[in-house]
Amino acid sequence: MAEEIKTLDDLKSVVAGTPAAEAAVVEPRTAQRDALGRAYATGKRKDAVARVWIKPGSGKVVVNGKEMATYFARPVLQMILRQPFTVAGVDGEFDVMATVAGGGLSGQAGAVKHGISKALQLYEPSLRPALKAAGFLTRDSRVVERKKYGKAKARKSFQFSKR
C-alpha cells in the first residue's frame, strides 16, 4: 500500500490528481425555456399523465381547455394544484396550460401537481430546493395492486364455507 491518508487535506490532494475528479465537476443548473418563454414538464400519478407548460402571467390555470375551477370542481383538488406555487412562494406569478389523460380526477390532479413542480424548477432552478424538500419532484409510485387469481380482489378472499 502506498502512503497513508490521515487528514482531509491528504485525501483532497490524492483525489485532486485522479481523472474522476475532473469529471466530477458539477455545472450549475440552467433554466430550460422554449422560444415562447415557457417551461415544459411531464407529471405522472397513478395512471394519469399530464403535459404541463408554465409561463409568467397572472396565475391562470387551464386544464384540458377548461378553467381549473370547472375541471377540478372539488376544492381539495384545486388546493393540490396550488401547492407547488405556495411552497415555492410564487403565487399568482405563472400561467399554467396542462393537458391530462388517464386515471381519475384525483390521479389527474396529482399528475398536474407533479408536472407544475417539475416545470417550475426547470423555469427557475433556484426554486428546486423548496420543491424538493416538500417532495413535489418525486413521482408518487403507488399504483393499484393487480387482482390475483383465486381472489375476489387484489387481496380479498371469497367467503369461506366449511360445508
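Look up: the structure comes first, before these words.
First, a word on scope: everything that follows refers to the structure included in this document. (Residues numbered from 1 in each chain as written. Predicted model: local features only at pLDDT ≥ 70, side-chain atom pairs only at ≥ 80, totals over all residues. Heavy atoms only, no water.)

### A word on the layout of surface pockets
- Its boundaries defined by the atoms lining it, the largest pocket holds a volume of some 220 Å³.
- As for the largest pocket, its lining consists of 13 residues, and the residues nearest its centre are Arg45, Gly110, Lys113, Thr138 and Asp140.
- The set of elements that each furnish at least two residues to the lining of the largest pocket consists of strand 1 (39-45) and helix 5 (105-123).
- Of all the elements, helix 5 adds the most residues to the lining of the largest pocket, at five residues.
- Here the residues of the lining of the largest pocket sort into two nonpolar, six polar and five charged. (1 Å grid on protein atoms, 1.4 Å probe; cavity = no way out; pocket = protein on both sides within 12 Å on 5 of 7 lines; lining within 4 Å. Points joined across faces, edges and corners; volume = space filled by probe spheres on them. Helix = DSSP H or I, 4+ residues; strand = E, 2+ residues; numbered from the N terminus. Nonpolar A, V, L, I, M, F, W, Y, C, P; charged D, E, K, R; others polar.)

### Topic: helix 5
- The end-to-end C-alpha distance of helix 5, which contains 19 residues, comes to 26 Å, matching closely the 27 Å that a straight helix rising 1.5 Å per residue would cover.
- In terms of burial, helix 5 is largely enclosed, as 16 of its 19 residues are buried. (Expected span 1.5 Å × (residues − 1). Buried < 20%, exposed > 50% of the residue type's maximum accessible area, 1.4 Å probe, protein only.)

### What about the sheet that holds strand 3 (residues 61-63)?
- In space, the five strands of this open sheet follow the order 1-2-5-3-4, with mixed pairing throughout. At either end of the open sheet lies a strand with only one pairing partner, and these are strand 1 and strand 4 (66-67).
- In this structure, strand 2 (residues 48-56) lies alongside strand 5 (residues 94-101), joined through eight bridges in antiparallel fashion. When the sheet's bridge partners are listed, alanine 50 is paired in strand 5 with valine 100.
- Across the sheet, helix 5 lies against strand 1, strand 2 and strand 5, angled at about 145° from strand 1, the strand it touches most. (Pairing = 2+ DSSP bridges. Contact = heavy atoms within 4.5 Å. Axes fitted to C-alpha atoms, helices over the stretch in contact; angles between N-to-C directions.)

### Describing unusual backbone geometry
- Non-glycine residue lysine 46 carries a positive phi angle of around 50°.
- With respect to the helices, strands and loops of the structure, lysine 46 is situated in the loop between strand 1 and strand 2.

### A look at the pairing of strand 2
- In the sheet, strand 1 pairs with strand 2 via seven bridges, with the strands oriented antiparallel. Bridge pairing in strand 2 places glycine 43 opposite alanine 50.
- Hairpin connection, strand 1 to strand 2: the antiparallel pair is bridged by two residues, and lysine 46 has positive phi, about 50°.

Don't take any of this as a statement about function, it's just geometry.
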